[in-house]
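# Notes for the structure review
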Amino acid sequence: MLDELSGLPHPHVVPHLASWTQEGKFYMLFPLADCNLKTYLSSNGTPTLTKDFVIWLLTQMLGLAKGVTHLHNLGATVAQDPINSQLPQVADRERTCFHHDLKPENILVFRQKLSKYPILKISDFGSGRIGRLRSGMKGSYATKNPTHGTLEYEE
């Protein structure tokens, strides 16, 4: 799964940097986060709802939503009508990914150099699954492949 995701980066999905085996143990390298979203929200108290904070928060929620969309539409190719470019674009979905355990503990917080606010990124794909969509496939890939994520947050 990490191999497939590493070839399709997204600014709100934590990138997998490297993996290796050493002395019979498997290691994975990811960027160092400051904390997870649950810790960030509980350690900073009730935020003051300034214009800057609200814009940051809404921007991050939109970014996370786009990250989830990116995962659900892996390998999508977009077709556009060459005659009428005003028509909506249609994605030809080849693969799909479901996280199955998206929760505040699996959203990491990274400091940004040029901003007082951090960026939020989706992490921990241990319960996630990638599948290939077939033409005419009905139903959800998620319902056909149950996993064991955190019960409160599973689809």
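None of the values given here were measured: they were computed from a predicted structure.

### As for the confidence of the model for the protein
Any residue range with low pLDDT should be treated as having predicted coordinates unsuitable for detailed reading. Averaged over all residues, the pLDDT of the protein equals 76, while 63% of them reach at least 70. Of all secondary-structure elements in the protein, the lowest mean pLDDT belongs to helix α4 (residues 141–144), at 47, while strand β7 (residues 107–110) reaches the highest, 95. This stretch, residues 138–143, has a pLDDT under 50; its non-local contacts, to residues over four places away or in other chains, come to 10 contacts.

### Looking at the pairing of β7
Burial along β7 is two-sided: the residues I107 and V109 and L108 and F110 are all buried. The pairing of strand β3 (residues 35–36) with β7 spans 2 bridges and is classified as antiparallel. Bridge pairing links N36 to L108 in β7. One ladder, built from 4 bridges, connects β7 with strand β8 (residues 119–122); its direction is antiparallel. When the sheet's bridge partners are listed, F110 is paired in β8 with I119.

### Some thoughts on the side chain of H16
One can find H16 in the loop between α1 (2–6) and β1 (18–22). A distance of 3.1 Å separates a polar atom in the side chain of H16 from the backbone oxygen of A18. Looking at H16, its side chain comes within polar contact range of the side chain of S19, at 2.5 Å.

### Comments concerning the sheet that holds β8
Ordered by their spatial adjacency, 3 strands build an open sheet running β3-β7-β8, and the pairing between neighbours is antiparallel. Here the strands that pair on one side only, and so sit at the sheet edges, are β3 and β8. In this fold helix α3 (residues 51–72) packs onto β7 and β8, with an angle of close to 20° to the strand it touches most, β8.

### Considering the nonpolar core
Counting residues in hydrophobic clusters, the biggest one holds 14 residues, and the most contacted among them are L37, Y40, W56, L64, I107, V109 and L120. Of all the elements in the fold, those that place two or more residues in this core are α2 (37–43), α3, β7 and β8. Sorting elements by how many residues they give to this core places α3 first, with 4 residues. The contact partners of L64, leaving out residues within four places of it in the chain, are H12, I107, L120, K121 and I122.

Criteria and cut-off values
Residues numbered from 1 in each chain as written. Predicted model: local features only at pLDDT ≥ 70, side-chain atom pairs only at ≥ 80, totals over all residues. Heavy atoms only, no water. pLDDT = per-residue confidence, 0-100. Helix = DSSP H or I, 4+ residues; strand = E, 2+ residues; numbered from the N terminus. Contact = heavy atoms within 4.5 Å. Buried < 20%, exposed > 50% of the residue type's maximum accessible area, 1.4 Å probe, protein only. Pairing = 2+ DSSP bridges. Polar contact = N/O pair within 3.5 Å; in protein donor to acceptor, adjacent residues only side chain to side chain. Axes fitted to C-alpha atoms, helices over the stretch in contact; angles between N-to-C directions. Core = buried A, V, L, I, M, F, W, Y, C linked by side-chain atoms within 4.5 Å.

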